[in-house]
Amino acid sequence: MIGIGSDHGGYALKQEVIAYLKEKGLEFKDFGCYDEKSCDYPEYAHAVAHAVADGECEKGILICGTGIGISISANKVKGIRCALCHDVFSAKATREHNDANILAMGGRVVGPGLALMIVDTFLNTPFSNEERHIRRINQIEE
Ligand code: RB5
């Protein structure tokens, strides 16, 4: 299960990502927001982050205008490694090196074509399981 959330600044891109997840037959839960009315990104960041931290969702996708506020908020939740990615290289690297469990993007930064490539890479790249990366992730948690 993939948890997905956005504020108003990320709503339009979230709809594109949802259409993509449906097309791929991937299960997801939309934690809001549900329209483009102005709202507060921490609410949606925390909802998705807790769902991932508690095991209800394996991974999450969060989108606000820049991706910055929503990623900062998600990273306050213990066990969350939320990576703000606006390129495919970073999306691949953060899965391999950081075992990132939430992807954040800015709906006002990337277009849907690139965003969907980033989502695809994030969802399909496994963690490397290399000792040095495990050690560093453990240091984050300590
Ligand atoms: C909302 O206007 C905007 O501040 C928000 O979407 C996000 O970019 C914050 O980091």
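Our structure's up above, just so we're on the same page.
These notes cover the structure that comes with them. Residue numbers restart at each chain and count upward from 1, following the sequence in its written direction. Reporting in this predicted model follows two pLDDT cut-offs: at least 70 for local features of residues, and 80 or more for side-chain atom pairs to be given and counted; totals over whole chains, interfaces and linings ignore these cut-offs and use all residues. The side-chain values count all of the structure's non-hydrogen atoms but skip hydrogen atoms and water molecules.

### Side note on the overall build of the protein chain
So, step 1. Broken down by element type, the protein chain carries six helices and five strands.
So, step 2. Every helix listed is a DSSP run of H or I at least four residues long, and every strand listed is a run of E at least two residues long, numbered separately from the N terminus. When the helices and strands of the protein chain are read in sequence order from the N terminus, they spell out β-α-β-α-β-α-β-α-β-α-α.
So, step 3. For 142 residues, the compact-globule estimate of 2.2 N^0.38 gives 14 Å, and the C-alpha radius of gyration of the protein chain, at 14 Å, lies within 12% of that figure.
So, step 4. Overall, the protein chain is about 45 × 25 × 25 Å in size when its C-alpha atoms are taken along their principal axes.
So, step 5. Accessibility here uses a 1.4 Å probe with only protein chains present; expressed as a share of the type maximum, an area under 20% marks a residue as buried, one over 50% as exposed, and anything in between as partly exposed. The buried share of the protein chain, reckoned over its 142 residues, is 48%.
So, step 6. In this analysis, two residues are considered to be in contact whenever any of their non-hydrogen atoms come within 4.5 Å of each other. Taking all contacts inside the protein chain whose residues are at least 6 apart in sequence as the whole, residues at least 24 apart take part in 68%. We take the radius of gyration over the C-alpha atoms and set the globule estimate at 2.2 Å times the residue count to the 0.38 power.

### Considerations on the pattern of salt bridges
So, step 1. In what follows, salt bridge is the name for a side-chain nitrogen of Lys or Arg lying within 4 Å of a carboxyl oxygen of Asp or Glu. Taken as a whole and judged by the stated rule, the model has ten salt bridges.
So, step 2. Among the salt bridges present, the one from Lys 78 reaches Glu 141, with a minimum N-O distance of 3.6 Å. In this pair, Lys 78 is assigned in the loop between helix H3 (68–74) and strand E4 (82–84) and Glu 141 in helix H6 (residues 131–141), connecting sequence segments 63 residues apart.
So, step 3. Under the relative-accessibility criterion, Glu 141 is labelled partly exposed at 29%.
So, step 4. Salt-bridge contacts for Asp 99 lead to Arg 81; the nearest nitrogen and oxygen are separated by 3.6 Å. Pair noted here: Asp 99 is in the loop between helix H4 (88–98) and strand E5 (102–106) and Arg 81 is in the loop between H3 and E4, with a separation of 18 residues, a long-range link.
So, step 5. Classification of Asp 99 as partly exposed rests on a relative accessible area of 22%.
So, step 6. A single salt-bridge network, built from bridges that share partners, covers Lys 78, Arg 81, Arg 95, Asp 99 and Glu 141.

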